[in-house]
Amino acid sequence: MNSEPATPPIVIALDGPAASGKGTLARRIAEHYGFAFLDTGTLYRGVAWLMLNDGGDPADAKAAAAAARTFDPQKLAGADIRTKEVGAAASVVAANAGVRAALLEFQRRFAAAPPNNAAGAVLDGRDIGTVVCPDATVKFFVTASPEVRARRRWLELRENRPDLQESEVYQDLLERDARDAARADAPMSTAADAELLDTTHLSIDAAFAAARRVIDGVFRRCG
Ligand code: DC
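Residues numbered from 1 in each chain as written. Predicted model: local features only at pLDDT ≥ 70, side-chain atom pairs only at ≥ 80, totals over all residues. Heavy atoms only, no water.

Examining the site of the ligand
Near the ligand you find 16 residues, and of these Arg-45, Arg-100, Asp-127, Arg-176 and Arg-183 are the closest. Take Arg-100: an N or O atom from its side chain is 2.8 Å from an oxygen atom of the ligand. Note that a nitrogen atom of the ligand is positioned 2.9 Å from one of the side-chain N or O atoms of Asp-127. Calculation on the ligand without its partners gives an accessible area of 450 Å², and the protein chains cover 97% of this total. (Near = heavy atom within 4 Å. Polar contact = N/O pair within 3.5 Å; in protein donor to acceptor, adjacent residues only side chain to side chain. Areas by Shrake-Rupley, 256 points an atom, 1.4 Å probe, with all protein chains shown as cover.)

Some details on the pattern of salt bridges
Counted according to the given criterion, the structure contains 13 salt bridges. For Lys-84, the salt bridge is made with Asp-172, and the minimal N-O distance between the two is 3.0 Å. With Lys-84 in helix H4 (residues 84-93) and Asp-172 in helix H8 (residues 166-182), this pair connects stretches of sequence that are 88 residues apart. A relative accessible area of 17% means that Lys-84 is categorised as buried. Where salt bridges share partners, they join Lys-84, Glu-168 and Asp-172 into one cluster. (Salt bridge = Lys/Arg side-chain N within 4 Å of Asp/Glu carboxyl O. Helix = DSSP H or I, 4+ residues; strand = E, 2+ residues; numbered from the N terminus. Buried < 20%, exposed > 50% of the residue type's maximum accessible area, 1.4 Å probe, protein only.)

Concerning the packing of helix H7 (residues 146-157) against H8
The interhelical angle for the contact between H7 and H8, taken along N-to-C directions, is 120 degrees, at an axis separation of 9 Å. When the axes of H7 and H8 are compared, the pair comes out oblique. Two packed elements cross with a definite hand, and for H7 against H8 that hand is right-handed. Residue-level inspection shows Pro-146, Glu-147, Arg-149, Ala-150, Arg-151, Arg-153, Trp-154 and Leu-157 of H7 in contact with H8, the latter providing Glu-166, Val-169, Tyr-170, Leu-173, Leu-174, Arg-176 and Asp-177. Taken together, the residues of the contact of H7 with H8 sort by class into eight nonpolar, no polar and seven charged. (Axes fitted to C-alpha atoms, helices over the stretch in contact; angles between N-to-C directions. Parallel < 35°, antiparallel > 145°, perpendicular 65-115°, else oblique. Left-handed = near helix turned anticlockwise from the far one by under 90°. Contact = heavy atoms within 4.5 Å. Nonpolar A, V, L, I, M, F, W, Y, C, P; charged D, E, K, R; others polar.)

Notes on the packing of helix H2 (residues 41-53) against H4
At a closest axis distance of 8 Å, the pairing of H2 and H4 adopts a crossing angle of 105 degrees. The angle between H2 and H4 falls in the class roughly perpendicular. For the pair H2 and H4, contact is made by Tyr-44, Arg-45, Val-47, Ala-48, Trp-49, Met-51 and Leu-52 and by Glu-85, Val-86, Gly-87, Ala-89, Ala-90 and Val-93, respectively. Here the contact of H2 with H4 is composed, by residue class, of ten nonpolar, one polar and two charged.

Some details on the pairing of strand S4 (residues 138-143)
Counted residue by residue, S4 has six buried out of six residues, so it is predominantly covered. Of the two faces of S4, the one lined by Val-138, Phe-140 and Val-142 and the one lined by Lys-139, Phe-141 and Thr-143 are each fully buried. The pairing of strand S1 (residues 10-15) with S4 spans four bridges and is classified as parallel. Looking across to S4, one finds that Ile-12 is bridged to Val-138. Bridge count between S4 and strand S5 (residues 195-198): four bridges; the pairing is parallel. Residue pairing across strands places Phe-141 opposite Leu-196, the latter belonging to S5. (Pairing = 2+ DSSP bridges.)

With respect to the nonpolar core
Ranked by internal contacts, the top residues of the largest apolar core, which has 21 residues, are Val-47, Trp-49, Phe-71, Val-93, Val-99 and Leu-103. Put simply, the parts of the chain that give this core at least two residues each are H2, helix H3 (61-69), H4 and helix H5 (97-112). The element contributing the most residues to this core is H2, with seven residues. Contact partners of Val-47, with chain neighbours within four places excluded, come to Ala-64, Ala-67, Ala-68, Phe-71, Val-93 and Leu-103. Counting residues in each nonpolar core, the second largest holds 19 residues, with Ile-29, Phe-35, Val-122 and Ala-211 among its members. (Core = buried A, V, L, I, M, F, W, Y, C linked by side-chain atoms within 4.5 Å.)

Interpretation note: all reported values are geometric properties and have no functional meaning in isolation.
Structure representation (structure tokens):
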């Protein structure tokens, strides 16, 4: 029998508002360190998509919680969860305590036992450093000005929606920010021990270099 205690996986938490760059950054970090990656927004988007697809109302608290309890990411194969409508509905289901409770276990299991025996996990979302993994090894709160975030999101969305106005995306973003930050259960907020990373004037490479400096510094200190 091996009496060595198992080393707990390294967890890197990235929280922040929509289009702050946290997803791109999280993916780069996971790739660089060989860690597993979970975009937790896809879980909320997935529940929202399933509801919309069934003709349901994302604001129906009971139905949304039931959809989250039986949520299976496999059911989303081919689903377009990146639309503006699914994003807005995701923010509504994310304010539902029943939905959050159902998805919490999934996220914690991922962090505690990353797929493919990876030595660590990178999770991005709104409440990773505060609620899902309060003991994460490194925490970031990634942000950028609303104008820059709206521009980034508009450039992405307009590939499939050439008629979409930037002002509409900007307005949606402000509404989502307000809903995500104001909800009673696990609101988007900065963990006290999170490193603040403002990407307003940073390229992806520069943001990644800044994040690496922080992570490598923590790894050196922890041996
Ligand atoms: O990051 P995103 O845009 O894909 O997230 C979609 C919605 O899900 C967002 O409005 C807030 C919510 N969300 C959340 O409440 N908690 C998380 N950990 C991740 C996302």
